[in-house]
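The chain contents come next:
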Amino acid sequence: MRMEFIREQLEEIHPPELDIKPSVLQQIQIRKQNHKRRIKRRIQISAAAALLVIIIGTAQFNQVMAIAENVYRNIQIPLKNEILVINDDLEMVPIKVGNLTWVGKKPKRVGSKLYTDIIAAEDELKINVLQNTMSYESVARRQVPFLYFEERNIAQLLLGEFFIGDLKNFSETILDNGDRQLSYSTDHDSIYKSPVSMSVLFFTGKGANYETDNWDIYDYDEKYISPVNGITAYLLTNTFQVESGEERLLIYAADNTTDKITVFVHDNLFYTISGNIPSSEVKKIIDSFVIE
């Protein structure tokens, strides 16, 4: 077929005229605008939802980080043959203590204070020390020394002669300078060879792991879970040997060492009990703590 003939046929074709009313055109325009608005609204909703997820996620992350920064993950106790790790998170306990006596220079200085009793210490430090039905009530209403190690963010209460057990003729005298003078006696059948002390340690700032010092003459003995109050305690035994019983008694008298150290954690406080008593007596002390 020749091209001239094809062109002639195409010229004879006339498409029908479309008569679209203005109202119809207006409706088409409105639908286009509504469609654009719906797309825009969907985009806005999606963006808001994404932003909300980010905000919630960030808040939760910050909360977790804040908690993580406020606890010591665990307590590490280097012993003679191993390292005992106590996995109890301890939250920091911020404190404001007045009238401290400082020794040393910043930032390694140590502050000290003497509380009239444990109640006064609890009130100022905002802590609760566990009561024990076997503890000894001092004539001096249990004066409590307090130490604050500024650089390490560690605070400690020292409760000396906290348990006296079956010590005979135990007495104390308050000297003119305020010091306490103790006297007692033992015999072959005495369970207690000397008073048993307790300390309570807590952290005043954030940190990682806490490692105890100078416990390498002790070895891990056993883990004891009290059936009375549920406390989980770790008993450590002194492995240091001396040549004679007399020499050992002299060391005890000088208060240079103890047979047993027992540690446990409760309510952000790290307890240490030390004394020359058998494990069976240590367990009685643990059972005697009162948890309300």
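The rules behind these values
- Residues numbered from 1 in each chain as written.
- Predicted model: local features only at pLDDT ≥ 70, side-chain atom pairs only at ≥ 80, totals over all residues.
- Heavy atoms only, no water.
- Buried < 20%, exposed > 50% of the residue type's maximum accessible area, 1.4 Å probe, protein only.
- Helix = DSSP H or I, 4+ residues; strand = E, 2+ residues; numbered from the N terminus.
- Pairing = 2+ DSSP bridges.
- Salt bridge = Lys/Arg side-chain N within 4 Å of Asp/Glu carboxyl O.

**Focus on the pairing of strand β8 (residues 144–149)**
Within a regular beta strand, the side chains point alternately toward one face of the sheet and then the other, so they alternate between its two faces.
And step 1. Alternating positions in β8 separate cleanly, V144, F146 and Y148 being buried on one face and P145, L147 and F149 remaining unburied on the opposite face.
And step 2. Relative to β8, strand β6 (residues 110–115) runs antiparallel, the two sharing six bridges. Among the inter-strand pairings, V110 is bridged to a residue of β8, identified as F149.
And step 3. Both β8 and strand β9 (residues 154–163) contribute to a ladder of four bridges, which runs antiparallel. Bridging across to β9, L147 finds its partner in Q156.
And step 4. Linking two consecutive strands that pair antiparallel, namely β8 and β9, is a turn of four residues; a positive phi of about 55° is found at N153 within it.

**Some thoughts on the environment of L159**
And step 1. For L159, the location among the structural elements is in strand β9.
And step 2. Look at L159 and you get buried, because its relative accessible area is 2%.
And step 3. Remark: the alpha-carbon pair of L159 and S197, spanning 38 residues in sequence, is separated by 5.9 Å.

**Looking at the pattern of salt bridges**
And step 1. In the structure shown here, the tally under the stated rule is seven salt bridges.
And step 2. Of the charged contacts, one joins R109 and E150 as a salt bridge, the two residues approaching to 2.9 Å between their closest N and O atoms. Highlighted residues: R109 in the loop between β5 (101–103) and β6 and E150 in the loop between β8 and β9, separated in sequence by 41 residues. Just as R109 is buried, E150 falls in that class too.
And step 3. A salt bridge links K113 to E124; its shortest N-O distance comes to 2.7 Å. Separated by eleven residues along the polypeptide, K113 in strand β6 and E124 in helix α3 (residues 118–125) bring together distant segments of the chain.

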